[in-house]
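# Survey of secondary and tertiary structure
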Amino acid sequence: MTGVTPASPIRLRLALVGPPGSGKGTQARLLAERYGLDPVSTGQLLRDLAARHTPIARVVRGLLEAGRLVPNRIVLDVVRKRLAALEAAGRGWIMDGFPRTTPQALAFDAMLQAHALDAVVVLDVPPEIVATRLAERGRHDDGRSTIERRVRSYERETKPMIERMQRDGSVLRVDGDQSIEQVHDDIAARLTPVDGMTGGLGAT
Ligand code: AP5
Ligand code: MG
């Protein structure tokens, strides 16, 4: 790793996408430190929501335990609230695990309006590797059949979204099947800040 640098004034807006266990959370934390961004994990926001004592919490809890995607209406609501707070505070941010379907990507575009994403980083990791990583981690939704369902959701819903985004040209694909440090370095090398003020895409 090239070393974590202090928070910079660069207000990047990034999204990190990849299959379960691809390292989204790990890399989001490292990028957040490096660029002074706030990481936003929809998985964590939904786990927090599921821990409440409301009818919606019960529904979300059931979906998370089954490894199924949470309905867009609920996901978009939590994202909208978090982003509004970050934008009001003048913070850059990195989405971890959002968007993950084409309808979410379209709604996200509409939500961002003038503030386009600087980049969507896709972590490519083969299914057999993610299965091993998650079995070792052991989060409550890391049972074998639940992992399989999460991977299937990625194949069916997220991959077509990425293909669509790739046609728009904002996607940086990174080999996530390397050491944590090497993945981080690869991402950072592709994010070349322009004039110290705005984020920009490195040459692909
Ligand atoms: P979420 O919490 O986002 O889970 P996920 O996508 O399944 O991904 P994980 O958090 O399991 O893995 P990760 O990619 O963050 O990897 P990590 O860095 O932890 O979502 C959970 C659920 O919420 C979803 O199933 C869905 O139900 C719902 N949800 C969330 N967002 C949604 C949305 N937008 N729409 C609808 N529903 C949504 O790494 C994993 C392990 O590997 C760790 O132990 C780590 O130390 C290790 N590791 C990381 N990098 C490396 C490396 N390079 N080499 C070796 N080990 C590594
Ligand atoms: Mg995660």
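Above this text is the structure in question.
All values derive from a computational prediction rather than experimental measurement.

## Thoughts on the site of ligand 1
Near ligand 1 there are 30 residues, and of these Thr 26, Arg 68, Arg 100, Arg 150 and Gln 178 occur at the shortest range. Here Thr 26 contributes a side-chain N or O atom positioned 2.5 Å from an oxygen atom of ligand 1. The separation between a nitrogen atom of ligand 1 and a polar side-chain atom of Arg 133 is 3.4 Å. Protein burial of ligand 1: of its 1000 Å² of free accessible surface, 86% is covered by the chains. The cavity where ligand 1 resides is the largest pocket. Contributing elements (two or more residues each) for the shell around ligand 1: α1 (24–35), α2 (42–50) and α6 (127–137).

## What to know about the sheet that holds strand β3 (residues 93–96)
Strand order in this open sheet of five strands is β2-β3-β1-β4-β5, and the pairing throughout is parallel. Sheet topology places β2 (38–41) and β5 (171–175) at the edges, where each strand pairs with a single neighbour. Across the sheet, the mean angle from the axis of one strand to that of its neighbour is 20°, orientation sign disregarded. In this sheet, β3 lies alongside β2 in parallel orientation, the contact comprising four bridges. Bridge pairing in β3 links Pro 39 to Ile 94. Across the sheet, α1 touches β1 (13–17), β2, β3 and β4 (119–124), and the angle it forms with β3 is around 175°. Contacting β1, β2 and β3, helix α4 (residues 72–88) crosses the sheet at an angle of about 165° to β3.

## Here's the deal with the packing of α4 against helix α5 (residues 102–112)
Contact pair α4 / α5: the axes reach a minimum separation of 11 Å and the direction vectors enclose 30°. One finds that α4 runs roughly parallel with respect to α5. Here the hand of the crossing between α4 and α5 comes out right-handed. Two secondary-structure elements touch here, α4 through Asn 72, Val 75, Leu 76, Val 79, Arg 80 and Leu 83 and α5 through Pro 103, Gln 104, Ala 107, Phe 108, Met 111 and Leu 112. A per-class count over the contact of α4 with α5 returns nine nonpolar, two polar and one charged.

## Thoughts on the packing of aromatic side chains
This structure, assessed with the given rule, holds two aromatic pairs. With centroids separated by 6.0 Å and ring planes inclined at 50°, the aromatic side chains of Trp 93 and Phe 108 adopt a geometry described as tilted. Separated by 15 residues along the polypeptide, Trp 93 in strand β3 and Phe 108 in helix α5 bring together distant segments of the chain. Here Phe 98 and Phe 108 contribute two aromatic rings whose centre-to-centre distance is 4.9 Å and whose plane-to-plane angle is 80°, an arrangement assigned as edge-to-face.

## So, the pattern of salt bridges
The tally for this structure, following the rule as stated, stands at 10 salt bridges. Residue Asp 124 is joined to Arg 173 by a salt bridge in which the shortest nitrogen-to-oxygen separation is 2.8 Å. Linking Asp 124 in strand β4 with Arg 173 in strand β5, this pair joins segments that are 49 residues apart in sequence. Classification of Asp 124 as partly exposed rests on a relative accessible area of 30%. Of the residues examined, Arg 173 reaches a relative accessible area of 32% and is grouped as partly exposed. Close ionic contact of Arg 150 with Asp 141 constitutes a salt bridge, the shortest N to O distance being 3.8 Å. In this structure Asp 141 comes out as buried when scored by relative accessible area, which is 5%.

Parameters and conventions
- Residues numbered from 1 in each chain as written.
- Chains lettered and ligands numbered in written order.
- Predicted model: local features only at pLDDT ≥ 70, side-chain atom pairs only at ≥ 80, totals over all residues.
- Heavy atoms only, no water.
- Near = heavy atom within 4 Å.
- Polar contact = N/O pair within 3.5 Å; in protein donor to acceptor, adjacent residues only side chain to side chain.
- Areas by Shrake-Rupley, 256 points an atom, 1.4 Å probe, with all protein chains shown as cover.
- 1 Å grid on protein atoms, 1.4 Å probe; cavity = no way out; pocket = protein on both sides within 12 Å on 5 of 7 lines; lining within 4 Å.
- Sits in = over half its atoms within 2 Å of the grid points.
- Helix = DSSP H or I, 4+ residues; strand = E, 2+ residues; numbered from the N terminus.
- Pairing = 2+ DSSP bridges.
- Axes fitted to C-alpha atoms, helices over the stretch in contact; angles between N-to-C directions.
- Contact = heavy atoms within 4.5 Å.
- Parallel < 35°, antiparallel > 145°, perpendicular 65-115°, else oblique.
- Left-handed = near helix turned anticlockwise from the far one by under 90°.
- Nonpolar A, V, L, I, M, F, W, Y, C, P; charged D, E, K, R; others polar.
- Phe/Tyr/Trp six-rings, centres within 6.5 Å; stacked < 30°, edge-to-face > 60°.
- Salt bridge = Lys/Arg side-chain N within 4 Å of Asp/Glu carboxyl O.
- Buried < 20%, exposed > 50% of the residue type's maximum accessible area, 1.4 Å probe, protein only.

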